[in-house]
Amino acid sequence: MEKRANTFSHCKFEVPEIIFGRGLLAQVGSCAKRLGGKRIFLVSDRGLFEAGWVDQVMRSLLEEGLSFVYYDQVTCNPRDFEVEDGAREYIRQRADVIVGLGGGSAMDAAKGIAILVANGGRIRDYEGCDKIHRPIPPLVLCPTTCGTGSDVSQFAIINDTVERRKFTIMSRCVAPDISLSDPDTLETLPDEHVCSTATDALSHAVEAYFSVAASSLTDVNALKALNCIAKSLVPAVKERRPEDLENLARASLHAGMAFSNSLLGIVHALAHPLGGLYDTNHGSVNAALLPVVLRYDLPVVREKLPELAGALGFQVARDASGAKERAQDSIESLLDASGATRSLKSLGVNREDFPELARRATKDICLVTSPREADEEDLVAILEKAY
Ligand SMILES: [Fe+2]
């Protein structure tokens, strides 16, 4: 069995300034002002406008005497042209600070716009690791879902509409200056998005924990995220109690800090090409893949299982017997109880595309930190099992 060693003996742990708490969205204006802003470029989407959160941010900016430009041409899985249009608008409007309010789409679009206004060119020029040479404008990101982690991460995921693929930009430059999470914003998040974004955070936490680049700093955050999700995912979906939604927002933050610094694994290496080809919901794809990938990885991550099972709420014997089954069963039952998607077929994925999806996944940056090697054949077998 091809177990990889953890070759990252030195660790760096990068996080933005973090502001977390209910009712704190009203502080966006003071954050933007503190970063030197006078004319703010606010990136969000129509759903959040209708829910009233965009209005709250606008009021906060006005109360600080700041003017703003509102850009809402952002859709699910942010497109390259939306980012490029946004950058032109930022320059035309002479804005000076960017605020991104929303899920991964709005926040990654805000990051993409920030990259382009400072560095020029096309957004796909920055695909890969450390391709950004000039610092981006000050950036404040406010997540409004339970899972993307983009508000603390060094990643942006953009949809290449010409080649129908998602690509990853990874750079310390794209981590924002400030992450501001207000769990109150989750109260207007539709039930299905509570579940799908929380299962994205669940994948982030599990993959970050098993990553070959994991460290004690990322582990503590991954385990905290798992603990919050195990306690609150099902009640948050079913009863929508504010304290459970807050716990999921906390999980998203901790999982984001973990994966931003340790990277991910096979679930995300496959989820990116699946999202590019089918424009499917990212969290739902992850929920279908995670149990299968976990089963694939478990034989090579035995020594980390007792703590994982403990974070999920199980006491495991000292010799770790039963930890493997506990970890697998508890994650599967969590997904089932929350009503998460469990098959790629139900998401409209076509089996004929499996070889191409596997080929693309072998080039995805997330595969680099998978705890277990996987070639195209292995990846097709995983897709088959998740179908
Ligand atoms: Fe994700």
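Look above for the structure.
Parameters at a glance
Numbering of residues starts from 1 in every chain and runs along the sequence as written. Owing to the predicted nature of the model, reporting of local features is limited to residues with pLDDT of at least 70; listing and counting of side-chain atom pairs is limited to 80 or more, with chain, interface and lining totals taken over all residues. To get the side-chain values, take all heavy atoms of the structure and skip hydrogens and water. Helix and strand definitions follow DSSP, with helices as H or I runs of at least four residues and strands as E runs of at least two, each counted in order from the N terminus. As defined in this context, the radius of gyration uses C-alpha atoms, and a globule is described by 2.2 Å times the residue total to the power 0.38. When a residue's accessible area, from a 1.4 Å probe over protein chains only, is under 20% of the maximum for its type it is buried; when over 50% it is exposed; and in between it is partly exposed. For this analysis, residues touch if any pair of their heavy atoms sits within 4.5 Å. Per-residue and other accessible areas were derived by the Shrake-Rupley procedure at a 1.4 Å probe size, with only the shown protein chains allowed to occlude residues. The sign given to each residue is positive for Lys and Arg and negative for Asp and Glu; His and the chain ends receive no count. Charge placement uses NZ in Lys and CZ in Arg. For Asp and Glu, CG and CD serve respectively. Only one rule defines a salt bridge in this text: a Lys or Arg side-chain nitrogen within 4 Å of an Asp or Glu carboxyl oxygen. Here the term donor refers to an N, O or S atom within 2.8 Å of the metal (or 3.2 Å for Na, K and Ca), and because water is left out of the atoms, sites may appear incomplete. The rule is simple: four donors are tetrahedral if all their angles sit between 85 and 135 degrees, four are square planar and six octahedral if opposite donors span more than 155 degrees and the others lie between 65 and 115, and anything that fits none of that is irregular. Residues grouped as a nonpolar core are buried Ala, Val, Leu, Ile, Met, Phe, Trp, Tyr and Cys residues, joined through side-chain atoms within 4.5 Å. Any helix carries an expected span of 1.5 Å times its number of residues minus one.

### Considering the overall build of the chain
Here is step 1: Within the chain, the regular secondary structure consists of 14 helices and 9 strands.
Here is step 2: Against the 2.2 N^0.38 benchmark of 21 Å for 387 residues, the chain shows a C-alpha radius of gyration of 20 Å, consistent with a compact globule.
Here is step 3: For the C-alpha atoms alone, the extent of the chain along its principal axes is close to 60 × 40 × 40 Å.
Here is step 4: Within the chain, buried positions represent 60% of all 387 residues.
Here is step 5: Partitioning the contacts of the chain with sequence separation of at least 6, the portion at a separation of at least 24 is 79%.
Here is step 6: Carbon and sulfur atoms form 49% of the exposed surface of the chain, whose accessible area is close to 15,200 Å².
Here is step 7: Across the chain, the 43 positively charged side chains and the 54 negatively charged ones have centroids separated by 2 Å.

### Focus: the pattern of salt bridges
Working definition: two side chains of opposite charge can pair if their charged atoms are close together.
Here is step 1: Going through the model one piece at a time under the given rule, you end up with 29 salt bridges.
Here is step 2: We note a salt bridge from Glu 64 to Lys 33, for which the minimum N-O separation is 3.7 Å. Of the two residues, Glu 64 is situated in the loop between helix H3 (53–63) and strand S3 (67–71) and Lys 33 in helix H1 (residues 28–34); the sequence distance between them amounts to 31 residues.
Here is step 3: Residue classification places Lys 33 among the partly exposed positions, given a relative accessible area of 43%.
Here is step 4: When the shortest N-O distance is used, the salt bridge between Asp 55 and Arg 59 registers 3.6 Å. With Asp 55 and Arg 59 both in helix H3 and 4 residues apart, this pair spans about one turn of that helix.
Here is step 5: The class for Asp 55 is partly exposed, based on a relative accessible area of 38%.
Here is step 6: For Arg 59, a relative accessible area of 44% puts it in the partly exposed group.

### A closer look at the coordination of the iron ion
Here is step 1: Each protein donor to the iron ion is listed here as Asp 200 (OD), His 204 (NE2), His 268 (NE2) and His 282 (NE2); together their distances run 2.2 Å.
Here is step 2: Coordination geometry of the iron ion: the 4 donor atoms subtend angles of 83 to 169 degrees at the metal centre, consistent with an arrangement described as irregular.
Here is step 3: Sequence positions of the residues that donate to the iron ion give the spacing D-x3-H-x63-H-x13-H. With Asp 200 and His 204 both in helix H6 (residues 191–210) and 4 residues apart, the pair spans about one turn of that helix. Both residues of the pair, Asp 200 and His 204, count as buried.

### Observations regarding the nonpolar core
Here is step 1: One finds Leu 226, Ile 266, Leu 289 and Leu 344 to be the most contacted residues of the largest nonpolar core, which totals 75 residues.
Here is step 2: With 10 residues, the single largest contributor to this core is H6.
Here is step 3: Judged by nonpolar contacts, the second largest core, of 29 residues, contains Phe 41, Ile 98, Ile 113 and Leu 116.

### A look at the side chain of Asn 261
Here is step 1: By secondary structure assignment, the location of Asn 261 is in helix H8 (residues 242–262).
Here is step 2: Residue class for Asn 261 comes out buried when judged on its relative accessible area of 14%.
Here is step 3: Look past the residues within four positions of Asn 261 in its chain and what remains in contact with it is Lys 12, Phe 13, Glu 14, Val 15, Gln 154, Ala 213 and Thr 218.

### Some words on unusual backbone geometry
Here is step 1: Here Arg 94, not a glycine, exhibits a phi torsion of approximately 55 degrees, which is positive.
Here is step 2: Here Arg 94 is to be found in the loop between helix H4 (80–92) and strand S4 (97–102).
Here is step 3: Overall, the relative accessible area of 73% leaves Arg 94 in the exposed class.
Here is step 4: In this model, Arg 164 sits at a positive phi of 50 degrees, which is unusual for a non-glycine residue.
Here is step 5: Considering the arrangement of structural elements, one finds Arg 164 in the loop between strand S7 (155–160) and strand S8 (165–170).

### Brief notes about helix H12 (residues 323–337)
Here is step 1: Counted at 1.5 Å a residue, the expected span for H12 with its 15 residues is 21 Å, and the 21 Å between its end C-alpha atoms agrees.
Here is step 2: Considered for burial, the residues of H12 that qualify are Ala 323, Ala 327, Gln 328, Ser 330, Ile 331, Glu 332, Leu 334 and Leu 335.
Here is step 3: Among the structural elements, H6, helix H7 (216–238), helix H10 (282–297) and helix H11 (305–311) are those in contact with the buried residues of H12.
Here is step 4: Directly after H12, the chain includes Gly 339, whose backbone phi takes a positive value near 80 degrees.

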